[in-house]
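Structure at a glance
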Amino acid sequence: MIRVVLPPHLRTLAQIGTEVTLDIEGPVTQRTILDTLETAFPMLSGTIRDHVTQKRRPFLRFFACGQDRSFDLPDDPVPDMVMSGAEPFVIVGAIAGG
């Protein structure tokens, strides 16, 4: 079971709490986490990744085990602590100010 934490605006869109759990069979990568998340919550499709290129949206970052994983390759495995459910895969929305 994979735990995913979403930023407030995506939680509101998907009408979910702070954290969701996903069951992923096979390798656990950013791609499989996001594919499963978008399948479970279709309203999130295109909000985290571009519809066409599947690249991360510029104002979102991915974290796992306290480390920025935003520039990892989509098919790289996530850390073991995320795979085991001990740590969440965190999606953070950027904060901008002036």
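A brief report on the enclosed structure follows. (Residues numbered from 1 in each chain as written. Predicted model: local features only at pLDDT ≥ 70, side-chain atom pairs only at ≥ 80, totals over all residues. Heavy atoms only, no water.)

One pass over the full model with this rule turns up seven salt bridges. Across the salt bridge formed by Arg 57 and Asp 50, the nearest N and O atoms sit 3.7 Å from each other. Residue classification places Arg 57 among the partly exposed residues on the basis of a relative accessible area of 28%. With a relative accessible area of 25%, Asp 50 lands in the partly exposed category. Taking the shortest distance from any N to any O, the salt bridge between Arg 69 and Asp 72 comes out at 3.3 Å. (Salt bridge = Lys/Arg side-chain N within 4 Å of Asp/Glu carboxyl O. Buried < 20%, exposed > 50% of the residue type's maximum accessible area, 1.4 Å probe, protein only.)

With burial as the criterion, only one face of strand E5 (residues 89-93) is covered, namely that bearing Phe 89, Ile 91 and Gly 93; the residues Val 90 and Val 92 on the opposite face remain uncovered. Of the strand pairs in this sheet, strand E1 (residues 2-5) and E5 are connected by two bridges, and their pairing is parallel. Bridge pairing in E5 links Val 4 to Phe 89. Examined bridge by bridge, strand E3 (residues 60-64) and E5 share five bridges and lie antiparallel to one another. Bridging from a neighbouring strand, Ala 64 pairs with Phe 89 of E5. (Helix = DSSP H or I, 4+ residues; strand = E, 2+ residues; numbered from the N terminus. Pairing = 2+ DSSP bridges.)

Taking strand neighbours across the sheet as the criterion, the five strands line up as E2-E1-E5-E3-E4 in an open arrangement whose pairing is mixed. The open sheet terminates on both sides in strands that have one partner only, identified here as strand E2 (19-22) and strand E4 (67-68). Bridge count between E3 and E4: two bridges; the pairing is antiparallel. Across the sheet, the residue bridging to Ala 64 is Gln 67, located in E4.

This part is about the environment of Glu 87. Structurally, Glu 87 can be placed in the loop between helix H3 (80-83) and E5. Given a relative accessible area of 31%, Glu 87 falls into the partly exposed group. Taking the C-alpha atoms as reference points, Glu 87 and Ile 2, separated by 85 residues in sequence, lie 8.5 Å from one another. With near-sequence residues (within four places) excluded, Glu 87 lies in contact with Arg 3, Cys 65, Met 81 and Val 82. (Contact = heavy atoms within 4.5 Å.)

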